[in-house]
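Geometric and topological summary
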Amino acid sequence: TIHIFSGKRFRIHRLWGIVYLACWIYAAWGHFAGHFAAGGNTAVFWVMPTVGFIQTVIACKTFTFLPKANDKTQGYYHETKAMSYDFILENLYFAGLLLFQSVYLCWGVELR
């Protein structure tokens, strides 16, 4: 399965996806091991949304060839069964919301 991530096409998007998966695995491990409840390193709570936001920006810059949504095919899928570029742009908004929420909750006292 290493060939999935080692291709030259969309390399930065794939490699940054590995970084996001590593963050997710660390977060899942920390949750089930009780690491975060004991006051352990909580950097993953702002690192993971930051990586996700950067991943979305990379997707917006990489997948410009995707079809645009129109009045007939709004939302996730286009008539060619490919994701529409507008859906990827919309994901940038939601990734930004998650990033803002995470930063605010991690450093809310310091930011006020």
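The paragraphs below set out a description of the structure included in this document. (Residues numbered from 1 in each chain as written. Predicted model: local features only at pLDDT ≥ 70, side-chain atom pairs only at ≥ 80, totals over all residues. Heavy atoms only, no water.)

Considerations on helix α2 (residues 11–32)
Residue pairs spaced three or four apart in an α-helix point in one direction, given the helix's 3.6 residues per turn. The end-to-end C-alpha separation of α2 is 32 Å, in line with the 32 Å expected for 22 residues at 1.5 Å each. Three or more residues of α2 are buried, namely H13, G17, C23, A27 and G30. Take α2 and look down its axis: the buried residues cluster within an arc of 145 degrees, on one side only. Across α2 from its buried face, at more than 90 degrees, point the exposed residues I25 and F32. Of the surrounding elements, those touching the buried residues of α2 are α3 (44–62). Immediately downstream of α2, the backbone of G34 shows phi near 75 degrees, a positive value. (Helix = DSSP H or I, 4+ residues; strand = E, 2+ residues; numbered from the N terminus. Expected span 1.5 Å × (residues − 1). Buried < 20%, exposed > 50% of the residue type's maximum accessible area, 1.4 Å probe, protein only. Arc of directions from axis to C-beta. Contact = heavy atoms within 4.5 Å.)

What about α3?
End to end, α3 covers 26 Å across 19 residues, agreeing with the expected 27 Å (1.5 Å per residue, within 8%). Three or more residues of α3 are buried, namely V44, M48, P49, V51, G52, Q55, T56, I58, A59 and C60.

With respect to the packing of aromatic side chains
For the structure on display, the rule yields 6 aromatic pairs. Ring centres of F10 and F63 lie 4.9 Å apart, and the angle between their planes is 55 degrees; this geometry places the pair in the tilted category. Here F10, found in the loop between α1 (2–6) and α2, pairs with F63, found in the loop between α3 and α4 (85–111); they are 53 residues apart in sequence, far enough to count as distant. Classification of F10 as partly exposed rests on a relative accessible area of 23%. Arranged with centres 6.0 Å apart and planes meeting at 75 degrees, the rings of F63 and F65 form a pair that is edge-to-face. Classification of F63 by relative accessible area gives buried; the value is 13%. Aromatic ring contacts, followed pair by pair, group F10, F63 and F65 into a single cluster. (Phe/Tyr/Trp six-rings, centres within 6.5 Å; stacked < 30°, edge-to-face > 60°.)

A few points about the packing of α2 against α3
A packed helix pair is summarised by two numbers, namely the angle formed by the two axes and the spacing between the axes. Remark: α2 packs on α3, axes separated minimally by 10 Å, with the N-to-C direction vectors making an angle of 160 degrees. When the axes of α2 and α3 are compared, the pair comes out roughly antiparallel. Seen from above, α2 lies across α3 with left-handed handedness. Residues I12, H13, W16, G17, V19, Y20, C23, W24, Y26 and A27 of α2 form the contact with α3, whose participating residues are V44, V47, M48, V51, G52, I54, Q55, I58 and A59. Here the contact of α2 with α3 is built from residues that sort into 15 nonpolar, 4 polar and no charged. (Axes fitted to C-alpha atoms, helices over the stretch in contact; angles between N-to-C directions. Parallel < 35°, antiparallel > 145°, perpendicular 65-115°, else oblique. Left-handed = near helix turned anticlockwise from the far one by under 90°. Nonpolar A, V, L, I, M, F, W, Y, C, P; charged D, E, K, R; others polar.)

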